[in-house]
Amino acid sequence: MTIHKMTQDFEIKFWDILIWFMQEEGPLSKFMRWFTDVIHSKAGFFTVLIILWAIMGFIMGIVLGRVIWILQLI
């Protein structure tokens, strides 16, 4: 099997999987519908909000820690 044939087969399989994944009844649409339902409930909204703030705090802690570490080297 040549490289050209292998890349063509890979590309066809890749697009078949991607098209299936993004169909109207595919996994992506089902997840988006579920996530929208969760967001529209009060408890789900607050849960997502708390998770987002926790992620932002974690990232800011990493950035500030790195800045302090760099300033100690100077």
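Sequence order as written defines residue numbering, which begins from 1 separately in each chain. For this predicted model, a pLDDT threshold of at least 70 governs which residues receive local features, and a threshold of 80 or more governs which side-chain atom pairs are given and counted, while totals over whole chains, interfaces and linings are taken from all residues. Hydrogen atoms and water are omitted, and side-chain values are computed over all heavy atoms in the structure.

## Details of the confidence of the model for the protein
No. 1: For every residue, the pLDDT score states the predictor's confidence, bounded by 0 at the bottom and 100 at the top. Mean pLDDT over the protein stands at 91; residues scoring 70 or higher make up 97%.
No. 2: Highest mean pLDDT in the protein belongs to helix H3 (residues 42–73) (93); lowest belongs to helix H2 (residues 27–39) (89). By the criteria applied, helices consist of DSSP H or I runs no shorter than four residues and strands consist of E runs no shorter than two, each listed in order from the N terminus.

## Quick word on the pattern of salt bridges
No. 1: Counted as salt bridges are all cases of a side-chain nitrogen of Lys or Arg within 4 Å of a carboxyl oxygen of Asp or Glu. Applying the stated criterion across every chain yields a total of two salt bridges.
No. 2: One salt bridge in this structure joins Arg33 and Glu25, with 3.8 Å as the shortest N-O distance.

## Points about the packing of H2 against H3
No. 1: Across the interface, H2 lies against H3 with an axial gap of 6 Å and an inter-helix angle of 100°. Between H2 and H3, the angle falls in the class roughly perpendicular. Judged by residue contacts, Phe35, Val38 and Ile39 of H2 engage Gly44, Phe45 and Val48 from H3.
No. 2: Throughout this entry, Asp, Glu, Lys and Arg are counted as charged residues, while Ala, Val, Leu, Ile, Met, Phe, Trp, Tyr, Cys and Pro are counted as nonpolar. The remaining residues, Gly among them, count as polar. Residues belonging to the contact of H2 with H3 are distributed by class as follows: five nonpolar, one polar and no charged. Note on definitions: angles span 0 to 180 degrees between N-to-C directions of axes, and those axes are lines fitted to C-alpha atoms, for helices only across the stretch in contact. Any angle that is under 35 degrees is reported as roughly parallel, and any over 145 degrees as roughly antiparallel; angles of 65 to 115 degrees are reported as roughly perpendicular and all others as oblique. Contact between two residues is taken to exist if any of their heavy atoms lie within 4.5 Å; hydrogens are not considered.

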